[in-house]
Amino acid sequence: MSNDSATDNFDTMTDTPILIAGAGAIGSILGGMLHDAGHDVTLLGRRAHMDAIARHGLKISGLLGDRTVNGMKLADDQARLAGRFDLILCAVKSYDTESIADALADRLTGDGLIVSMQNGLGNIESLSERFGRRRVLGARVIFGAEMPSPGAAHVTVFAQPVAIGPAPALHREDAPALADRARAIAAMLDAAGVPTVGVEDIMPVLWAKLLYNVALNPLGALLQQNYGALAADPDVRPIMDRAIDEAFAVARALGVALPFSNADEYRKLFYEQLIPPTVSHRPTMLHDLHVRGRTDIGALNGRIVELADRLGLDAETNRMLTRLVRAAERVTQKRENR
């Protein structure tokens, strides 16, 4: 289908097959809300979660309302997927981006779109290498969710609307058309009850979230503390400040159009407006670190280190946090292998 017909299709979408690739907490909520609004949704996720949904439906609770969603198509392996999809929402962990892209390469229709709904940087680039730049969008997802049990997903915090858009630096001449299609997908999600907006350039939005995550995620995971406790600790706060400074310097060197004149302006927003609504929230990295023994640190602080090294900038605080989280991952892995 052409870009125009794709946009029109996303406006109604009830007959358009949608795949949620990585139906954890975030992916399940997105898929469940879309299906409940009348869309054709398939969830691809872990077997225990899929089995529970098959038996009792998907139970969604929290800030987007309470509901039980039945009738979705379910798969616990990409080999069990049926047909191709016009829209794939990719919600796997960043370290699984390349493998899921390879697995789903033939599952996206010729003019379909895949949207990275993931944390960190590098995911859009990885998906573009496999699917082509014209078929990839990025998204900033800044609501928090957890899975209290298989078959259930609970929205714990909703800081800002989901944002979807292209990365003009990557998409070049395709960016305007992709921005139109991003707005159509955003309207579809918004109508389904997930506040969402379309943006012309997703990169500044992703970087703004990254500034937040590099400060809070590793320290929250390592210290097992919520965001409010981290911000209030006199020894932790300077570490967060420095992690933000380094990330901001990298963004500035790359020419990212951040909506802040300097790091001090961002930190004022960070402590006075962003932390308070999420004061009792803990990062998903905490669960990933102590339960899975693997985190997305490489796409967050680790990505800052890679970019800083390439640019000749200092990133020693982000390097330290990356090394500490990776060491903690190995501790968990050794414990599980005993």
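As a reminder, the structure under discussion sits directly above these lines.
Residues numbered from 1 in each chain as written. Predicted model: local features only at pLDDT ≥ 70, side-chain atom pairs only at ≥ 80, totals over all residues. Heavy atoms only, no water.

Peer 1: Which residues make up the overall build of the protein, and what values go with them?
Peer 2: Along the backbone of the protein there are 14 helices and twelve strands. A compact globule built from 338 residues would reach a C-alpha radius of gyration of about 20 Å, and the protein, at 19 Å, matches this within 12%. Its C-alpha atoms put the protein at 55 × 50 × 35 Å along the principal axes. Looking at the protein residue by residue over its 338 residues, the buried ones come to 55%. Within the protein, contacts between residues at least 6 apart in sequence are counted, and of these 71% link residues at least 24 apart. Of the roughly 14,300 Å² of accessible surface on the protein, 48% is carried by carbon and sulfur atoms. (Helix = DSSP H or I, 4+ residues; strand = E, 2+ residues; numbered from the N terminus. Rg over C-alpha atoms; globule rule 2.2 N^0.38 Å. Buried < 20%, exposed > 50% of the residue type's maximum accessible area, 1.4 Å probe, protein only. Contact = heavy atoms within 4.5 Å. Areas by Shrake-Rupley, 256 points an atom, 1.4 Å probe, with all protein chains shown as cover.)

Peer 1: Residue-level account of helix α3 (residues 47–56), with values.
Peer 2: Of the residues making up α3, those classed as buried are H49, M50, A52 and I53. Looking down the long axis of α3, one finds its buried residues gathered within 160° of arc, a one-sided arrangement. Residues R47, A54 and R55 are exposed on α3 and point more than 90 degrees away from its buried face. Against α2 (25–36), β2 (40–44), β3 (58–62), β5 (73–75) and β10 (152–158) lie the buried residues of α3. Looking one or two residues beyond α3, the residue adopting positive phi is G57, at roughly 85°. (Arc of directions from axis to C-beta.)

Peer 1: So, the sheet that holds strand β4 (residues 67–69): which residues are in play, and what are the values?
Peer 2: Across the sheet, four strands lie side by side as β4-β3-β10-β9; this open sheet has mixed pairing. Every other strand in the sheet has two partners, leaving β4 and β9 (143–146) as the edge strands with one partner each. Sheet twist, expressed as the average angle between the axes of neighbouring strands with direction ignored, equals 25°. Bridge count between β3 and β10: four bridges; the pairing is parallel. By the bridge assignment, K59 is partnered in β10 with A152. (Pairing = 2+ DSSP bridges. Axes fitted to C-alpha atoms, helices over the stretch in contact; angles between N-to-C directions.)

Peer 1: Describe in detail helix α8 (residues 203–223), supporting the description with residues and values.
Peer 2: A rise of 1.5 Å per residue sets the reference length of α8, with its 21 residues, at 30 Å; its end C-alpha atoms lie 30 Å apart and thus fit the reference within 8%. Among the 21 residues of α8, 19 are classified as buried, and the element is accordingly described as predominantly covered. The first or second residue beyond α8 is Q224, which carries a positive phi of 55°. (Expected span 1.5 Å × (residues − 1).)

Peer 1: Mind laying out the packing of aromatic side chains, listing which residues take part and the relevant values?
Peer 2: Enumeration according to the criterion identifies six aromatic pairs in this entry. Here the aromatic rings of Y212 and Y227 are separated by 5.8 Å at their centres, their planes lie at 90°, and the arrangement is edge-to-face. Of this pair, Y212 sits in helix α8 while Y227 sits in helix α9 (residues 227–232), and the two are 15 residues apart along the sequence. Residue Y212 is classed as buried on the basis of its relative accessible area of 8%. When the centroid spacing of 5.9 Å and the interplanar angle of 75° are considered together, the rings of Y212 and F270 count as edge-to-face. One end of the pair, Y212, is in helix α8; the other, F270, is in helix α11 (residues 263–274), and 58 residues separate them in sequence. (Phe/Tyr/Trp six-rings, centres within 6.5 Å; stacked < 30°, edge-to-face > 60°.)

Peer 1: Outline the pattern of salt bridges, listing residues and values.
Peer 2: Using the criterion set out here, one finds 20 salt bridges in the structure. One salt bridge in this structure joins D288 and K93, with 2.7 Å as the shortest N-O distance. Of this pair, D288 sits in helix α12 (residues 284–292) while K93 sits in the loop between β6 (85–90) and α4 (97–103), and the two are 195 residues apart along the sequence. For the residue pair D288 and K93, the accessibility class agrees, reading buried in each case. R130 serves as the salt-bridge partner of D102, at 3.1 Å between the closest nitrogen and oxygen. Residue D102 is located in helix α4, and its partner R130 is located in helix α5 (residues 123–131); the two are separated by 28 residues in the primary sequence. (Salt bridge = Lys/Arg side-chain N within 4 Å of Asp/Glu carboxyl O.)

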